Structures are given as C-alpha cells and as structure tokens.
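Chain residues, written in single-letter form:
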Amino acid sequence: MTYAIALNFEDGVTRFIDCKVGEKVLDAAFRQRINLPMDCSDGVCGTCKCRCETGAYDLGDDYIEDALSADEAQERQVLTCQMVPQSDCVIAVPVPSSACKTGTTQFVATLAGITRHADAALQVSFELDQAPVFLPGQYVNIGVPDSGQTRAYSFSSRPGDTHASFLIKHVPGGLMSGWLERAQPGDSVAMTGPLGSFYLREVQRPLLLLAGGTGLAPFLSMLEVLALRGETRPITLIYGVTRDQDLVLVKALESFAGRLPNLTLVTCVADPQTAHPRQGYVTQHMASDVLNGGDVDVYLCGPPPMVDAVRQYFKQLGVTPACFHYEKFTPNVVASSDAA
C-alpha cells in the first residue's frame, strides 16, 4: 500500500510521489529523485518546513520547538523529514520546483475528437500515452503543432484517466482555434503539467462554485471527483456567460444532480436580449444563503472582469469566505491566486 502525495511548488508545478506506509515524505521524495529542501533531516533545523493542505499525517514528537512551533503545527505546517502520511496528501512546498531538481512532466496526447458548440467553444478530447495525475481544477500547457508555442487549458475530465478532455473557447484568428479548425483525429500534441494552484481542496464546509464561460472546465473535473467521493455537503454552482450560445454543457452539469443530491445549479446570461430565464451576472443570482455567513469555500474561475466583480461584491457585502480560491484568464493567459 502507498499514499499519493502531491507536492505543489511555488512556481505552480505539481509533482506526485508515492509514499510507503510508515515512510517519511522527505525520504519518499529523495527516493523518487526530488530533492526537497533539507539540512539536518533530524527535526532540528526547520529547513524542510512545508504546509500540508489536505490529508492526514503523523509528525511524531522527535523534533524541537525551534524547528516547528506548536502554533505552526496547529496551522498544519510540517517538517517533511518527520512527516509520515496516513492518507493521500497535498503539500505546499515554498520553493520553485527547479530548486528541488525537478520540473513539469511532459506526455504525448492524440486527438480523439472535437465537439463544436456553435461559435462559442470546442470540447476537445485526447487519448494520452499515460494517465496524468493531477488535482481537479489544475491545467496543462498544450503545444500547438508547428508553432513552437503553448496554450494553457484546465482539465474538464477527472484525474487518472488516459482519456482527457478540455473546454476551449473559440477565438477567431487564435492560434489554438486555428489549429483545431484543421486538426484531424490521430494528430499528436505534447502536454506539460500539471500546473496551477487552483484545485479542489479537502471539503470541510458548503461549496460555492462560480464559473464564467469556458471557466466551467475545471468545475466539471471537480464535480466528477466530488461525485465519485459521494460528497454530501451543499454545493452551489453558478454558471454565467455573455450570450445564449455561450451556455454549453448544461446537460452534462444536470447529469451530476443524480450523483450529488445536494447540488444546486444556476445558469445566467448577461446579454439584455437573452431568451434565458435568468438575465444578468453571477453576482445578481447569488442567493444570500449560499454564502452561509462566510462559512463557505468559494471557487471562482472566469475572465478578469468577472473575478474582480465577485471580489468587489463580497467586499460590499462585508462577507469574507472561509476559503476563496480563484483563477482569472484571458484567451491566452491563465493566472491563479488564493485567499484564505
């Protein structure tokens, strides 16, 4: 038996290692050629201090207060030279991956199919040469053939599957959109990742998921994982778009209702001329009770104006979510941030 340990480095790179029962994280990382920060390896210096974001572990008592204080331990800071996982874990490592003599993983993907949703988006699926391990919500850089450039897209499929899917915004004249217009099943691309600090954490309270346009993609991955886990806490997904034709994969979202009985789905369209029953922005269709007085975990993925509007809305309400994770994007740029 082994535990899957996700090491999230400060440059956005995530590497997964296997940790044996009773094995310390530092030893497991070294065994797999990832040189996590260390000096003494005896719980004395504190050089290997990281933060465990999710998962169970044992630190023992064979370290000194100067290396890890009681307050730090209470905040789930850990010494990887002493940490023995008792479940799968996610660990934030406060240095770049390059400092640990590691980096991103590259794998080959073969185009399996493209489903076009009017002029709004493309649902693109690939078969992979290996099942990528990632945290639901993360993204990869996809190489655009014959261009020497990459574009970043969030997985819309679940982790650990050799079939991966992405929801890609159609951008007239865009590099990736242009390639997808002429691409054929069987064409190969290179993917590099996983990357990003926007991912599903351990669920401890109600969830509010806010998606804008193709920012829906990471939530499809999250919902799949939540359904597989049998999550019972309340989940509200508010999905907002600009035009009626931008509202895609609604049936796929509705299919989660039978698997997640506490899921509430709200869709809205900003266009004043919309035929949709809910016109407006996500903030206009956010019932006050979904914020649960601030005892809620919020995940937000959408274009910068949407992200800024939601942040300002929370400020105006005087509500600070217990955890707030967001990712803002333009057609060619992805940027993540967290506020907790």
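Residues numbered from 1 in each chain as written. Predicted model: local features only at pLDDT ≥ 70, side-chain atom pairs only at ≥ 80, totals over all residues. Heavy atoms only, no water.

1. Focus on the pattern of salt bridges
Think of it this way: side chains of opposite charge can pair up when their charged atoms draw near.
Part 1 of the reasoning: Summed over all chains, the structure comprises ten salt bridges.
Part 2 of the reasoning: Where aspartate 295 meets arginine 205, a salt bridge forms, and the shortest distance between an N and an O atom there is 3.2 Å. Pair noted here: aspartate 295 is in the loop between strand E16 (263-269) and strand E17 (297-302) and arginine 205 is in the loop between strand E13 (188-195) and strand E14 (207-212), with a separation of 90 residues, a long-range link.
Part 3 of the reasoning: A residue is classified by how much of its surface remains accessible, and aspartate 295, at 40% relative accessible area, is partly exposed.
Part 4 of the reasoning: Under the relative-accessibility criterion, arginine 205 is labelled buried at 17%.
Part 5 of the reasoning: Arginine 243 is paired through a salt bridge with aspartate 246; the nearest N and O atoms lie 2.8 Å apart.
Part 6 of the reasoning: Salt bridges sharing partners connect three or more residues here, namely Asp119, Arg243 and Asp246. (Salt bridge = Lys/Arg side-chain N within 4 Å of Asp/Glu carboxyl O. Helix = DSSP H or I, 4+ residues; strand = E, 2+ residues; numbered from the N terminus. Buried < 20%, exposed > 50% of the residue type's maximum accessible area, 1.4 Å probe, protein only.)

2. Examining the sheet that holds strand E8 (residues 105-117)
Part 1 of the reasoning: With antiparallel pairing, six strands are arranged side by side in an open sheet as E11-E10-E13-E8-E9-E12. The open sheet has two edge strands, strand E11 (149-154) and strand E12 (163-169), and neither has a second partner. Each strand of the sheet is rotated relative to its neighbour by a mean of 40°, with strand direction disregarded.
Part 2 of the reasoning: For strand E10 (residues 139-144) and E11, the ladder comprises six bridges, and the chain directions are antiparallel. Looking at E11, one finds that tyrosine 139 is bridged to serine 154. (Pairing = 2+ DSSP bridges. Axes fitted to C-alpha atoms, helices over the stretch in contact; angles between N-to-C directions.)

3. Topic: the sheet that holds strand E7 (residues 89-93)
Part 1 of the reasoning: Strand order across the open sheet formed by five strands is E2-E1-E7-E3-E5, with mixed pairing between neighbours. Unpaired on one side and paired on the other, strand E2 (14-20) and strand E5 (77-79) mark the two borders of the sheet. Across the sheet, the axes of successive neighbouring strands diverge by a mean angle of 35°, strand direction being ignored.
Part 2 of the reasoning: Across five bridges, strand E1 (residues 2-9) lies against E7 in parallel orientation.

4. With respect to the packing of aromatic side chains
Part 1 of the reasoning: Counted by the stated rule, this structure contains eight aromatic pairs.
Part 2 of the reasoning: Their ring planes at 75° and their centres at 6.1 Å tell us that phenylalanine 198 and tyrosine 299 sit as a pair that is edge-to-face. Of the two residues, phenylalanine 198 sits in the loop between E13 and E14 while tyrosine 299 sits in strand E17, which places them 101 residues apart along the sequence. Comparing phenylalanine 198 with tyrosine 299, the two get one shared label, buried.
Part 3 of the reasoning: Among the aromatic residues, those joined into a ring-pair cluster are Phe126, Phe134, Phe155 and Phe166. (Phe/Tyr/Trp six-rings, centres within 6.5 Å; stacked < 30°, edge-to-face > 60°.)

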